[in-house]
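A structural walkthrough
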Amino acid sequence: MIEDQQTHEIPKSREGLAHIACFMGFDDVEAFSTALRGELDRKEANRHEARDALLEAFALDPRIGAGGAPEIRHVAIDPNQAGFSNIALQLVDEAGLRDHLEFYEEPSEMVLPRLLADRRRFDFAFVDGNHRFDWVFVDLIYLGRLLRGGAVIFLDDYQLSSIGKAVAFCVRNLGWSIEEEGTANEHHHWVALRTPLTPLQRDFDFFVDF
Ligand SMILES: C[S@@+](CC[C@H](N)C(=O)[O-])C[C@H]1O[C@@H](n2cnc3c(N)ncnc32)[C@H](O)[C@@H]1O
């Protein structure tokens, strides 16, 4: 049960159902019930898919067994997880992976510099946060310092020019490469970037326009 204070019980009486069906523009209770069942089935399927994807992602690391390897951590940053009813945290809990999650309910521009100051190092990053150029740029620059050389960053919403520009800077000036590009649909693209094995040595006046 999601405790988002926007969740309402479906009325049990036919009269209550008829009231909601009419309020939501359905012709009758049957049409409303059919639409509701379809929607609930779709949501449940999405939830299972998300949980399976989560388990698969963690299972990629052979060191994680049932209750094992607590030192292996996935760091997640989202200042607005509560605005999504904490659904991601609930899924992690349901998958029994909460011990492997280090969650920060703060903006990435506040958390990433702290991780860097703490000398943390990571193997992979998935970025789907604030899409404005300055935020994505800051995310990428810090991740470039936090990831081990030759690591992959998966970046969503590559169709946005703000994101394309931030990537272009990293490719032209920092020696990153585009490993793969893909589309979820015509309005939704992603890109997988690879950082260089060792940071590019640049003269003080090195700059390639992007
Ligand atoms: C498009 S949603 C993506 C959510 C998730 N990746 C998914 O696919 O379900 C963008 C997310 O970025 C978060 N966000 C916004 N500004 C942020 C920031 N400065 N730092 C980190 N996350 C941020 C939002 O709260 C939201 O959860």
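In this report, we go over the structure that sits alongside the text. (Residues numbered from 1 in each chain as written. Predicted model: local features only at pLDDT ≥ 70, side-chain atom pairs only at ≥ 80, totals over all residues.)

A word on the packing of helix H4 (residues 108–117) against helix H5 (residues 133–146)
- Two numbers describe how H4 lies on H5: the axes approach to 10 Å, and their chain directions differ by 15 degrees. When the axis of H4 is compared with that of H5, the two are roughly parallel. H4 and H5 meet at a crossing whose hand is left-handed. Of the residues in H5, those in contact with Ser108, Glu109, Leu112, Pro113, Leu115 and Leu116 of H4 are Trp135, Val138, Asp139, Tyr142, Arg145 and Leu146.
- Here the contact of H4 with H5 is composed, by residue class, of eight nonpolar, one polar and three charged. (Axes fitted to C-alpha atoms, helices over the stretch in contact; angles between N-to-C directions. Helix = DSSP H or I, 4+ residues; strand = E, 2+ residues; numbered from the N terminus. Parallel < 35°, antiparallel > 145°, perpendicular 65-115°, else oblique. Left-handed = near helix turned anticlockwise from the far one by under 90°. Contact = placed C-beta atoms within 7 Å. Nonpolar A, V, L, I, M, F, W, Y, C, P; charged D, E, K, R; others polar.)

A short note on the site of the ligand
- Near the ligand you find Ile77, Asp78, Pro79, Asn80, Pro107, Ser108, Glu109, Asp128, Gly129, Asn130 and Trp135, and these make up its full shell.
- Of the residues contributing to the shell around the ligand, the split by class is four nonpolar, four polar and three charged. (Near = placed C-beta within 6 Å.)

Examining the pairing of strand E5 (residues 177–185)
- Counted residue by residue, E5 has zero buried out of nine residues, so it is predominantly exposed.
- Summarising the sheet, E5 and strand E6 (residues 188–194) pair through seven bridges and their orientation is antiparallel. Looking at E6, one finds that Gly182 is bridged to Trp190.
- Counted along the chain from E5 to the antiparallel partner E6, the turn is two residues long. (Buried ≥ 20, exposed ≤ 12 C-beta atoms within 10 Å, placed from the backbone. Pairing = 2+ DSSP bridges.)

In short, geometric facts, not functional conclusions.
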